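Secondary and tertiary structure notes
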Amino acid sequence: MKISDDIAFEDYRASWLEDVTVGSPSTVELGRRFALKLITQWMEDSIETDNFIYCDGSRDGGIDLALLDTGPEESADETGVSGHTWYLVQSKYGSAFAGPQTLLIEGQKVIDTLDGKRERLNSLAEGLLERLSNFKRGAGPADKIVLIFATEAPLTEDEKRVLADLRSMGTVRLGHMFDIEALSIETIFARLQEVEAVGSTGRLEVPLDAQMVPSGPDLLVGSVGLSNLYAFLKRYRDATGDLDRIYEKNVRRFLGARGKVNKAMQSTLRDAPERFGLYNNGITIVVHDYSLGEGSVKLAEPFIVNGCQTTRTIWEVFHTRLSSGGTGVNPETEAWKAKASQGVVVAKIVKVGNSGENLLQAITRYTNSQNAIREKDFLALTGDFKTWQGQLADQHDLYLEIQRGGWDSQKALQNTNPTAKQFTEHANAADLIKVYGAGWMGEAGLAFGKNPPFLPDGSVFKRIVNGSDADGGPFGVTDLYAAYLLQKSTAEYGFGRGALKQSRRQSRFLYFLVVLDLFKDVLSRASHPTDHRSVAAAMLKVLKNESARSALLDRAAEVIDSYFTQGNDDSLFNEPSYLNSFNADLNAFLKWEKLARSDIETPRLKQLLAVNKSVMGMSLAGSQTPRQTIMAAVNAA
């Protein structure tokens, strides 16, 4: 049972809004916080919040904030392509949302802006519009512009109809690349539940027109027409406002379901859709229950657990062909529709019922066993993350958030149930993997610039979890807790967005790397093991000892400050690559995959680290050296 099964939506909503409303923010800041939290949780871990563009305010063209998502690059194979998507967000928190009229007015405003029909935009909106105009001119078939309405509650039926009208208006004026999504706090809440509910009417039921026959008591097999499958997906999105929710039980969601399509499938669907069923392995849908009729089946709580890429590609191709607007008849489109009407997808529908979580997980695992999904890709779905969550709770009173929004659910449970375990500290699993990747694995630039390499099936994630022999044993709870304590130190030392020191605003991941580099040198000089497991265990002791902690972290912070100080000999502003390869673009330099890799890439940083490593062996007025202080904590019982 998940936490959200035990709490009401209103309790979850109140907990979710706590950090949005804290500190009496201005109206603009309130809307910004609300939209930022909602979008980042909806998109899970495919984006960096530093990449948002804020336009909210007077003459913003209807766009409060925007983000360019370039897709899950690491997970695209030789046949896959990840389209680029601009998300344009309208934040409608509280009184800013007044029903259908708000959607209509604000939606038309954004469409006018994108169509070049609005003048006198503010400077931020003008800059964004220029980028969007260039994007439209060079867009490929998988590229999109998506307007998102971010609201507290899900849309009513009247509001959904307005949204559908706006979607039609936008595709007529801007083409098939335009789309609209509606997100709410309920969207996140529903993702945390084992069973998706729609309002107070009970389970979500979506009809599917298909030729299915029973094969045993809980299995239907048969075929679904391509057009019927597209219509089913449209009904699901209209009912939930969130098409991605249908993939919640599929590990491929963690590989970037949003926007990822398949080139070979696209080609077949465009040129010979009537043959699609001959070349495709089909799809598997698990449901709570089904009701079989003549030529159709009603599905209760459907989830696609195999065929994510298949259905996503069908959605993209059909959306492009059939949702581009226009009232005339296009002979080419009509001919394609006739061929597509003959195309089918082989389908299995499996009923799992109330107690079907284990069966659902097994189906997900085995139906994906012949694909490029490896065992470690299932971690976030069923495996070690859940084990680590329990261990961190028992051993360290730390709540590990496996899915974005889980901490808000836990807070709501604690607020409404005093007998529940009362956590005061929490961490997100994906964030800790990035801390570990930047520090232990030395991937500071990659961690600052991208998320996919640190997610299941990502290159750095694989190195972290698959290198157990070379790293001194399997990755586990000690590594995560050491990463958490190191992450926690960034608040004390003022790293990250809003930092008072300019040198620490963009250097959080580089700080993790520097801490580990200095620490490994101390351990190596003392002949202490420096494999990842040993380093994590030793780091825990140091971070729990005030003197040793200060000796290490103070020095690391000084390295960062010195490196970011212009005029210093070993400043990053004197790095040859910063000057020659990045044209003094600090943001791009700090996201460089080769950052701090060797003396060749960043000789100034390596020299600065070498000097500070020597300084850590010096004593002041006969006191212990920083190295001795650190090793005393490491060697303590």
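Conventions adopted
- Within each chain, residue numbers correspond to sequence positions counted from 1 in written order.
- With the structure being a predicted model, the display of local features is reserved for residues of pLDDT at least 70 and the display and counting of side-chain atom pairs for 80 or more, all residues being used for whole-chain, interface and lining totals.
- Neither water nor hydrogens contribute to the side-chain values; these are computed over all heavy atoms in the structure.
- A run of DSSP states H or I qualifies as a helix once it reaches four residues; a run of E qualifies as a strand once it reaches two. Both are numbered from the N-terminal end.
- Residue exposure (1.4 Å probe, protein chains only): buried if accessible area is under 20% of the type maximum, exposed if over 50%, otherwise partly exposed.
- Under the rule applied, a polar contact is a pair of N or O atoms within 3.5 Å (in protein, one hydrogen donor and one hydrogen acceptor; residues adjacent in sequence only if both atoms are side-chain atoms).
- The contact definition used throughout considers only heavy atoms, calling two residues in contact when any of these lie within 4.5 Å.
- Residues enter a nonpolar core if they are buried and are Ala, Val, Leu, Ile, Met, Phe, Trp, Tyr or Cys, with the set joined through side-chain atoms within 4.5 Å.
- Stacked, tilted and edge-to-face pairs are distinguished by plane angle, under 30 degrees for stacked and over 60 for edge-to-face with tilted covering the rest, among Phe, Tyr and Trp rings (Trp via its six-membered ring) whose centres lie within 6.5 Å.
- By the criterion adopted, a ring carries a charge over it if an Arg CZ or a Lys NZ lies within 6 Å of its centre and within 35 degrees of its normal.
- Per-residue confidence from the predictor is given as pLDDT, running between 0 and 100.
- In short, DSSP must find at least two bridges between two strands for them to pair.
- Angles here are taken between N-to-C directions and fall from 0 to 180 degrees, while the axes themselves are lines fitted to C-alpha atoms, restricted in helices to the stretch in contact.

In the Ramachandran plot, Asp397 falls in the positive-phi region, its phi being about 50° despite a non-glycine side chain. Its place among the elements puts Asp397 in the loop between helix 14 (384-396) and strand 16 (398-401). In the Ramachandran plot, Ala596 falls in the positive-phi region, its phi being about 65° despite a non-glycine side chain. In this structure, Ala596 sits in the loop between helix 24 (586-590) and helix 25 (603-615). Relative accessible area serves as the criterion here: at 7%, Ala596 is assigned to the buried category.

For Thr310, the position within the fold is in helix 11 (residues 308-322). Judged by relative accessible area, which is 6%, Thr310 ranks as buried. Looking at Thr310, its side chain comes within polar contact range of the side chain of Asn280, at 3.1 Å. Not counting residues within four places of it along the chain, the set of residues in contact with Thr310 comprises Met265, Phe276, Asn280 and Ile283.

What follows concerns the nonpolar core. In a soluble, globular protein the nonpolar side chains are often hidden away together inside. Formed by 81 residues in total, the largest nonpolar core has its most connected members in Trp440, Leu486, Leu510, Tyr511, Phe519 and Leu552. With 12 residues, the single largest contributor to this core is helix 20 (residues 508-525). Residue contacts for Trp440: discarding those within four places in its chain leaves Val435, Ala482, Ala483, Leu486, Leu516, Lys520, His532, Val535, Ala536 and Met539. Membership of the second largest hydrophobic core comes to 36 residues, among which are Leu220, Leu243, Val345 and Ala347.

What follows covers the packing of aromatic side chains. According to the stated counting rule, one finds 27 aromatic pairs in the structure shown. Ring centres of Tyr578 and Phe589 lie 5.6 Å apart, and the angle between their planes is 80°; on these two criteria the pair is classed as edge-to-face. One end of the pair, Tyr578, is in helix 23 (residues 576-580); the other, Phe589, is in helix 24, with 11 residues separating them in the sequence. Clustering of aromatic rings is evident, with ring pairs tying together Phe385, Trp388, Tyr436, Trp440, Phe461 and Phe475. When the ring centre of Phe509 is taken as reference, the NZ or CZ atom of Arg508 above it lies at 4.5 Å. If you follow Lys591 out to its NZ or CZ, it ends over the ring of Phe448, 5.3 Å from the centre.

Attention shifts here to the confidence of the model for the chain. Close reading of the predicted structure is inappropriate where its pLDDT is low. Mean pLDDT over the chain stands at 85; residues scoring 70 or higher make up 86%. Element-level pLDDT for the chain is lowest in helix 13 (residues 357-367), with a mean of 55, against a maximum mean of 98 in helix 20. When the criterion is pLDDT under 50, residues 250-257 qualifies, and its contacts beyond four places in sequence or with other chains add up to 36 contacts. In the model, residues 369-382 has pLDDT below 50 throughout and makes 39 contacts with residues more than four positions away in sequence or in other chains.

A separate point is the environment of Thr313. With respect to the element layout, Thr313 can be found in helix 11. A relative accessible area of 0% places Thr313 in the buried class. Between the C-alpha atom of Thr313 and that of Leu269, which follows or precedes it by 44 residues, the distance is 8.7 Å.

Strand order in the open sheet formed by 3 strands is 7-13-12, and the pairing between neighbours is antiparallel. At either end of the open sheet lies a strand with only one pairing partner, and these are strand 7 (205-209) and strand 12 (289-292). Averaged over all pairs of adjacent strands, the angle between their axes in this sheet comes to 20°, without regard to strand direction. Taken together, the 4 bridges between strand 12 and strand 13 (residues 296-300) define a ladder with antiparallel strand orientation. In the strand pairing of strand 13, Tyr290 is matched with Leu299. Strands strand 7 and strand 13 of the sheet are contacted by helix 8 (residues 226-240), whose axis makes an angle of about 170° with strand 7.

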